[in-house]
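Breakdown of the fold
Take a look at the letters that make up each chain.
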Amino acid sequence: MFFIDTIETEGLGNRSYLAGGAAAAVAIDPPRDIDRVLAAAAVRGVRISHVVETHIHNDYVTGGPDLARLTGAAYLVPAAARVSFARTPVADGDTVAVDDGIRLRALVTPGHTPHHTSYVLEEGDRVAAVFTGGSLLIGSVGRPDLVEPRLTEELARAQYASAHRLAAELPDETPVLPTHGFGSFCSSSQSEGDATTIGKEKNVNDALTKDVDSFVAGLLAGLEDVPAYYAHMGPANAAGPAPVDLGAPPLTDAADIAERLAAGEWVVDLRNRIAFADGHVAGSFNFEADGKIATYLAWMIPRGKPLTLLADSPAQLAAAQRELVRVGIDRPAAAATGTPRDWLADGHAPRSFPRATFADLAARASGSEAVVLDVRRNSERAKGWITGSVHIPVHDLHRRLAEVPPGTVWVHCAGGMRAGIAASLLDAAGRDVVAVDDSFDAASRAGLPLTDGS
């Protein structure tokens with residue numbers, strides 16, 4: 001009997017898989033922190049015989065080379081992928097034996113990248129599942145614009161053809177197990193659901209229900225901004241990433257933190273946004289450890305900028321460090337745990353700013369000099385916004401602070417986490433800010449005037 005274990009990387013919206021039989025297994029699209037894959041194999045009591053990549057990833061650093069080195073597994077990479085390391089090239093139709101009666105068959109499915117390859121898990125004469133990477137996702141497909149702008153439309157059409165190939169060659173009951181699509185920006189659109197099959201996708205996926213021209217037009221029109229750090233992931237994976245290093249960073253103190261801030265380095269407070277608003281080191285930024293820290297911090301921090309992490313506990317610090325190595329932020333320059341009182345020199349008080357709801361925003365004194373700043377993504381804004389609000393997506397704010405009009409800034413997103421990031425950036429720049437920590441659904445109930453984006 002075969003098994004399939006899912007290894008979820010929730011912060012990045014990705015899944016990796018371990019699949020095999022009684023004695024051996026294959027790891028598909030492993031994360032950088034490979035200890036999780038090794039632990040899954042140990043629980044199953046199997047050796048990892050093969051490590052497989054569906055494509056050279058643009059949204060995270062792979063653990064493939066490190067996992068193959070430590071386990072002695074064959075490292076399978078699509079033959080057309082241009083890489084700088086030794087690997088076993090995989091061509092369309094290639095089959096590898098994973099365990100007794102269990103094999104993996106390659107299906108070339110370009111679109112997310114030119115070399116993208118899906119893998120069909122077969123047990124005897126039966127199709128057990130298909131690992132689709134960034135090709136066919138749950139209700140969507142992987143975005144085609146991450147490789148090169150001039151190839152985007154060509155790859156979008158390739159995605160359509162690949163989806164149809166999978167639908168034509170695999171039984172309707174085949175489970176579809178993608179790597180992307182659970183909140184990842186590698187997905188061309190966000191969809192609901194946690195599991196799917198080829199048959200279900202035939203009924204709901206635009207790539208399988210629309211004609212090619214309509215599909216391509218809709219796909220290209222819906223593409224969002226690409227996280228800035230994606231530009232570094234593909235080259236790192238093509239070169240062959242170094243082994244992961246989760247060793248503790250050097251500990252720092254109040255004097256050193258002050259010097260780092262004065263030098264223009266980034267000091268990031270990992271505590272929740274409520275604690276940060278109540279009191280923090282002036283000049284520090286707030287990226288909650290429980291939020292999408294890897295995505296938003298990696299998106300916004302200048303590449304190579306020294307980073308100091310402030311956490312309320314060693315466990316919080318270690319968890320954040322694990323998240324960050326997945327996107328190539330390997331070694332924080334320094335770190336400290338405790339509270340703002342531990343991070344500030346004697347005689348210096350923590351800085352704070354107020355939090356509010358949309359009802360508070362609606363009740364603010366009329367005529368007061370206030371700016372409403374919306375930091376949601378373009379697609380969210382397009383569905384409706386507070387009339388008269390300024391729009392700067394949170395991932396652009398650090399570069400566009402000068403565009404925020406004068407006055408007290410009431411900053412909001414869809415739920416509060418990104419507003420917390422934005423409020424910390426504005427506060428560090430010396431602006432008077434109020435963080436609206438509330439669901440955007442409450443804006444209309446509070447009586448705020450909304451402009452319909454439809």
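For the structure itself, consult the block above.
Residues numbered from 1 in each chain as written. Predicted model: local features only at pLDDT ≥ 70, side-chain atom pairs only at ≥ 80, totals over all residues. Heavy atoms only, no water.

Points about the environment of Ala163
Note that Ala163 resides in helix H3 (residues 152-169). The spacing of Ala163 and Leu136 is 27 residues in sequence and 5.8 Å in space, taken between C-alpha atoms. In this structure, Ala163 is in contact with Leu136, Ala207 and Leu208, ignoring residues within four places of it in sequence. (Helix = DSSP H or I, 4+ residues; strand = E, 2+ residues; numbered from the N terminus. Contact = heavy atoms within 4.5 Å.)

Things to note about the pairing of strand E8 (residues 102-108)
As paired elements, strand E7 (residues 95-99) and E8 share 4 bridges and run antiparallel to each other. Of the residues in E8, the one forming a bridge with Asp99 is Ile102. Where E7 folds back on E8, the antiparallel hairpin that results is connected by 2 residues, among which Gly101 adopts a positive phi of roughly 75 degrees. (Pairing = 2+ DSSP bridges.)

Details of the pattern of salt bridges
Under the criterion given, the structure shown has 36 salt bridges. Salt-bridge contacts for Glu122 lead to Arg105; the nearest nitrogen and oxygen are separated by 2.8 Å. Remark: Arg105 occurs in strand E8 and Glu122 occurs in strand E9 (residues 117-123); sequence separation between them is 17 residues. What you see here is one network of salt bridges that share partners, running through Asp33, Asp35, Arg36, Arg322, Glu323 and Arg326. (Salt bridge = Lys/Arg side-chain N within 4 Å of Asp/Glu carboxyl O.)

As for the nonpolar core
By size, the foremost hydrophobic cluster in this structure holds 53 residues, and its most contacted members are Trp266, Leu270, Phe287, Leu297, Leu307, Leu373 and Val411. Counting residues per element, this core draws most heavily on helix H10 (residues 293-300), at 7 residues. Beyond its immediate sequence surroundings of up to four residues, Val411 is in contact with Leu373, Val375, Ala419, Ala422, Ala423, Leu426, Val433, Val434, Ala435 and Val436. Ranked by size, the runner-up nonpolar core spans 22 residues in total, among them Phe3, Ile7, Ile56 and Ala238. (Core = buried A, V, L, I, M, F, W, Y, C linked by side-chain atoms within 4.5 Å. Buried < 20%, exposed > 50% of the residue type's maximum accessible area, 1.4 Å probe, protein only.)

Regarding the sheet that holds strand E17 (residues 370-374)
Either a parallel or an antiparallel arrangement is found when strands of a sheet pair, and the pairing is made through backbone hydrogen bonds. One open sheet holds the 5 strands; their spatial order is E16-E21-E20-E17-E19, and the pairing between them is parallel. On the outer flanks of this sheet lie strand E16 (355-356) and strand E19 (390-391), each paired with one strand and no other. Of the strands in this sheet, E17, strand E20 (408-412) and strand E21 (433-436) are in contact with helix H16 (residues 417-428), which crosses E20 at around 155 degrees. (Axes fitted to C-alpha atoms, helices over the stretch in contact; angles between N-to-C directions.)

Considering the packing of aromatic side chains
Per the stated rule, a full pass over the model turns up 10 aromatic pairs. Ring centres 5.3 Å apart and planes at 50 degrees place the aromatic pair Tyr17 and Phe131 in the tilted group. Remark: Phe131 occurs in strand E10 (residues 126-133) and Tyr17 occurs in strand E2 (residues 14-20); sequence separation between them is 114 residues. With respect to burial, Tyr17 and Phe131 carry one shared label: buried. Three or more aromatic residues link up through ring pairs in this structure, and these residues are Phe185, Tyr296 and Trp299. Arg376 extends its terminal NZ or CZ atom over the ring of Phe440, reaching a point 4.0 Å from the ring centre. (Phe/Tyr/Trp six-rings, centres within 6.5 Å; stacked < 30°, edge-to-face > 60°. Lys NZ or Arg CZ within 6 Å of the ring centre and 35° of its normal.)

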